[in-house]
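Here is what each chain is made of, one letter per residue.
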Amino acid sequence: MSTEHFWAVIPAGGAGTRLWPLSRAAAPKFLHDLTGSGRTLLQATWDRLAPLTGERVLVVTGRAHVDAVRDQLPDLPADQLLAEPASRDSMAAIGWAAALLEARDPDAVLGSFAADHVIRDEDAFRACVTAAVEAAADDLVVTIGIEPTHPATGFGYIELGERLGDGPVHAVVQFVEKPDRERAQEYLATGRFRWNAGMFVVKARVLLDLLAQWHPELAAGLRALAADPSRLDDAWPGLEKIAIDHAVAEPAAAAGRVAVVPGGFGWDDVGDFASLGGLLPDAAGMPGVQVLGPADTVQVADATGVVVPGTGRVVALVGLDDVVVVDTPDAVLVVARDRAQEVKAVVDALRAQGRTDLL
């Protein structure tokens, strides 16, 4: 199958709470340049898909972020930016795009790729996507499984089955929820497991037909919405809130309808400041220190870690190892790098206190 009917769907949502106070509800992580490249994560996602899709891209985001997305993606046609009235999880977002594509082009194949991931080898990524599009011609749901680099406990896993044909595509035995460390180590030892990065390639019609098997009301609601977009505000709140993994991928895998293309292109979901530091080089003259922002505002004496200066103030680190310091106008974060995942607890506490002004 050629890629002439291939559309990219970019779900651009989430608040990136483990990257607080840099990422917030009003300016989530996909709107930030987190690699120092000069392009935000959303723009980088657009850039790496453009050779495959051109302008065949749909972006699904919240209404609060529509203006920012338009500013960052000026070449995105206006009718290809879909604004959710409220978050209903990934199935509603991706399914809405699928229903619109099905109505526009019965042969449409969509690939769903989150707006806030970092891909290192873009040529290898595009080769995997092309293989996935070809496999989707057989009415399969095709995912891209990331080669694991360590026994991560923060990702779901995909178990590879038999090879399908002569190419890189394998059947999927099962999707597995986030494991504990011991089980993750067992997965890596087998060589049969890949990380689930939430990338799915599938015919729009097939996705909705499969959804209709297990969640018929949601599938019908999405197709009705595509037929009459004026019903959006009335219909959206009644749509079931469920992730695409639970709604389609897992039951379809059990039914033998899911395939996987292993991907070894280097991937990061920038889930916290520890992983952010791994994406950045050491700052000039500061070994062991990664800086996102103007390095001339950072002073270091016998210290290592990640610094995000954001106010023009000088940030000084003295005698500390593996510390994260994030300086913003209304909040300062200091956390041990190996406990960066726990930043979410601060966000939860602020929300409980009603401090939405900081979120």
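Further up the page is the structure itself.
Nothing here was measured: the structure is a model prediction, and the numbers come from that model.

Peer 1: Help me get a handle on the overall build of the protein chain, residues and values and all.
Peer 2: In terms of regular secondary structure, the protein chain is built from eleven helices and 18 strands. For 359 residues, the compact-globule estimate of 2.2 N^0.38 gives 21 Å, and the protein chain sits close to it at 21 Å. In terms of principal-axis extent, the alpha carbons of the protein chain reach across some 60 × 50 × 40 Å. Counting every position in the protein chain, which comprises 359 residues, the buried fraction comes to 52%. Taking the contacts inside the protein chain whose residues are at least 6 apart along the sequence as the reference set, 65% of them involve residues at least 24 apart. Carbon and sulfur atoms provide 50% of the accessible area of the protein chain, an area that totals close to 15400 Å².

Peer 1: How would you summarise the environment of Leu210 if you had to cite specific residues and measurements?
Peer 2: You can see Leu210 is positioned in helix α6 (residues 204-214). Residues Leu210 and Val343, 133 residues apart in the sequence, show an inter-C-alpha distance of 38 Å.

Peer 1: Account for the nonpolar core, with residues named and values stated.
Peer 2: Counting 50 residues, the largest nonpolar core has Val59, Phe113, Val142, Met199, Val201, Phe265 and Trp267 as the members making the most contacts within it. Here this core takes eight residues from helix α4 (residues 122-136), the largest share from any one element. Apart from the residues within four sequence positions on either side, Val59 is in contact with Ile10, Ala12, Val69, Leu73, Leu76, Gln80, Leu81 and Leu82. If you look at the next biggest cluster of nonpolar residues, it comprises 46 residues, including Trp96, Ala98, Leu208 and Ala219.

Peer 1: Quick one: what's the story with the pattern of salt bridges, residue by residue and with numbers?
Peer 2: Within the structure shown, the criterion is met by 19 salt bridges. In this structure, the salt-bridge partner of Asp209 is Arg205, at a minimum N-O distance of 3.9 Å. One end of the pair is Asp209 and the other is Arg205, both in helix α6 and four residues apart, which spans about a single turn. You can call Arg205 partly exposed: its relative accessible area is 31%. With a closest N to O distance of 2.4 Å, Asp327 and Arg313 form a salt bridge. Residue Asp327 is found in strand β17 (residues 323-327), and its partner Arg313 is found in the loop between β15 (305-308) and β16 (315-318); the two are separated by 14 residues along the sequence. Counted as one network, the salt bridges with shared partners bring together Glu102, Asp139, Lys203, Arg205, Asp209 and Arg223.

Peer 1: An account of the sheet that holds strand β18 (residues 332-336) is requested, with residue identities and associated values reported.
Peer 2: Spatial ordering of the open sheet is given by β12-β13-β15-β17-β18, a layout of five strands whose pairing is mixed. Since the sheet does not close on itself, it has two edges, and those belong to β12 (282-283) and β18, each with one partner. The pairing of β12 with strand β13 (residues 286-291) spans two bridges and is classified as antiparallel. Paired with Asp282 across the strands is Gln290, a residue of β13.

Peer 1: Before we move on, can you summarise the packing of helix α3 (residues 89-104) against helix α9 (residues 244-254) with the specific residues and values?
Peer 2: For the pair α3 and α9, interaxial distance at closest approach is 6 Å and the crossing angle is 75°. On the basis of their axis angle, the class for α3 and α9 is roughly perpendicular. For the pair formed by α3 and α9, the contact residues are Ser90, Met91 and Ile94 on the first element and Ile244, Ala247 and Val248 on the second.

Peer 1: Can you lay out the pairing of β18 for me, pointing to particular residues and giving the numbers?
Peer 2: As a general feature of sheets, a regular strand has side chains that alternate between the two faces. In β18, alternate side chains face the same way, and those of Leu333 and Val335 are buried while those of Val332, Val334 and Ala336 on the opposite face are not. In sequence, β17 turns back onto β18 through a hairpin of four residues.

The rules we used
Residues numbered from 1 in each chain as written. Predicted model: local features only at pLDDT ≥ 70, side-chain atom pairs only at ≥ 80, totals over all residues. Heavy atoms only, no water. Helix = DSSP H or I, 4+ residues; strand = E, 2+ residues; numbered from the N terminus. Rg over C-alpha atoms; globule rule 2.2 N^0.38 Å. Buried < 20%, exposed > 50% of the residue type's maximum accessible area, 1.4 Å probe, protein only. Contact = heavy atoms within 4.5 Å. Areas by Shrake-Rupley, 256 points an atom, 1.4 Å probe, with all protein chains shown as cover. Core = buried A, V, L, I, M, F, W, Y, C linked by side-chain atoms within 4.5 Å. Salt bridge = Lys/Arg side-chain N within 4 Å of Asp/Glu carboxyl O. Pairing = 2+ DSSP bridges. Axes fitted to C-alpha atoms, helices over the stretch in contact; angles between N-to-C directions. Parallel < 35°, antiparallel > 145°, perpendicular 65-115°, else oblique.

None of this, on its own, says anything about what the molecule does.
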